[in-house]
Amino acid sequence: MKVFIDSGDIAEIREAQSMGVIDGVTTNPSLLAKAGKPTKRAIAEICEVVDGPISAEVVAVEKDAILREGRELAKIHRNVVVKVPLIDEGLKAVRIFASEGIKTNVTLCFSAAQALLAAKAGATFVSPFVGRVDDAAGDGMDLVLQVVTIFRNYGLSTQVLTASVRHPVHFVQAAMIGSHAATMPLKVIKQLIKHPLTDVGLAQFLADAKKIPELV
Ligand code: E4P
């Protein structure tokens, strides 16, 4: 499963990149607002740090405006994936982006039906938002299972990008189900690395290492 960091913060992205565990980056307008830089500059900086798919979201909601904005974003770097909301105007734009060879990540997906239609429109990635489904008393991972199963049933090439990952269990379940990718904040990536038994074991090994006689 590909691991993406969900962040607009260049320091966080550099840190994740230095750990050698990330394959790409997803951003959204809320994350870029926190970063406090113009979108194009922020995306260009991210593309310098990570060599993989970098999702940059349009803020337009009408087909022609989405196309204009998306084409501008795609010009920033060959790795840019244009993130498009899962609305009818968005799908119209996705179809045209696909014909132009522009990669897309169809975002704000909350049902398997939406995901199937995004795939039919030619999306490169579709992003089911597991954490937000859970927040609304649904089962986010069941949504991922439905989408992965449907895509497999019909041999669809669109990749499932499990998004809104909030904790390590989401990550492991997404991998068990066969999601192609998952995106998560740096905090979750760090939680995935950490295990209390690793810390206890390391402390013991370091203490015992001090008892080893020096070589003479
Ligand atoms: C995905 O592309 C989104 O940016 C993100 O995963 C949303 O996560 P949130 O629900 O934690 O804001």
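For every chain, the first residue of the written sequence is number 1, and numbering continues from 1 onward in sequence order. The model is predicted, so local features are restricted to residues of pLDDT at least 70 and side-chain atom pairs to those at 80 or more, both for listing and for counting; the totals for chains, interfaces and linings are taken over all residues.

Trainee: Please explain the packing of helix α5 (residues 88-100) against helix α6 (residues 112-121) as it appears in this structure.
Mentor: The angle between the axes and the distance between the axes are what describe a pair of packed helices. Interaxial angle, 0 to 180 degrees, is taken between N-to-C directions of lines fitted to C-alpha atoms, where a helix line uses only the stretch in contact. Numbering of helices and strands runs from the N terminus, with a helix taken as a DSSP run of H or I at least four residues long and a strand as a DSSP run of E at least two residues long. Contact pair α5 / α6: the axes reach a minimum separation of 8 Å and the direction vectors enclose 30 degrees. Touching Leu91, Val94 and Arg95 of α5 are Leu117, Ala118 and Ala121, all from α6. Polarity classes work like this: nonpolar for Ala, Val, Leu, Ile, Met, Phe, Trp, Tyr, Cys and Pro, charged for Asp, Glu, Lys and Arg, and polar for all others, with Gly in that last group. Taken together, the residues that form the contact of α5 with α6 break down as five nonpolar, no polar and one charged. Placing a C-beta atom from the backbone of each residue, one calls two residues in contact when those atoms lie within 7 Å.

Trainee: Looking at this structure, I do not really get the nonpolar core. What am I missing?
Mentor: Soluble, globular proteins show a tendency: their nonpolar side chains are buried together. Working definition: the nonpolar core is a set of buried Ala, Val, Leu, Ile, Met, Phe, Trp, Tyr and Cys residues, joined through C-beta atoms within 7 Å. Exposure criterion: with C-beta atoms placed from backbone coordinates, a residue whose C-beta has 20 or more other C-beta atoms within 10 Å is buried, one with 12 or fewer is exposed, and one in between is partly exposed. If you look at the biggest cluster of nonpolar residues, it comprises 57 residues, and the most contacted ones within it are Val82, Val94, Ala118, Val126 and Val144. Non-local contacts of Val82, meaning those with residues more than four positions away in its chain, are made with Ala56, Val58, Gly70, Leu73, Ala74, Phe97, Ile102, Lys103 and Thr104.

Trainee: Help me understand the UniProt feature "active site" (unreviewed entry) in the protein in this model?
Mentor: UniProt positions are given in the numbering used here, feature names are shortened, and annotations may be inferred rather than shown by experiment. Annotation from UniProt places "active site" (unreviewed entry) at Lys83. By the C-beta count within 10 Å, which is 24 here, Lys83 ends up buried. Setting aside chain neighbours within four positions, we find Lys83 in contact with Ser55, Ala56, Glu57, Val58, Asn105 and Thr107.

Trainee: I tried to follow unusual backbone geometry on my own but got confused; where do I start?
Mentor: Trans is the common state for peptide bonds, and a negative phi is the common state for residues other than glycine. Positive phi is not limited to glycine here, since Ala137 has a value of about 65 degrees. With respect to the helices and strands, the residue Ala137 is situated in the loop between α7 (130-135) and α8 (140-153). With 6 C-beta atoms counted inside 10 Å, the residue Ala137 sits in the exposed group. A positive phi angle, near 60 degrees, is found at Ser164, a position not held by glycine. Owing to 22 C-beta atoms within 10 Å, Ser164 belongs among the buried residues under this scheme.

Trainee: Where do I start with the sheet that holds strand β1 (residues 2-6) in this structure?
Mentor: The strands making up a sheet associate through hydrogen bonds between their backbones, and the pairing can be parallel or antiparallel. Pairing is parallel in the closed barrel, where eight strands are placed in the order β1-β2-β3-β4-β5-β6-β7-β8. Each adjacent strand pair in this sheet contributes to an overall mean axis angle of 30 degrees, direction not counted. Criterion used throughout: strands pair if DSSP finds at least two bridges between them. Summarising the sheet, strand β3 (residues 54-57) and strand β4 (residues 80-85) pair through four bridges and their orientation is parallel. By the bridge assignment, Ser55 is partnered in β4 with Val81. Running over the sheet, helix α3 (residues 39-49) touches β2 (24-26), β3 and β4 and is turned about 175 degrees from β3.

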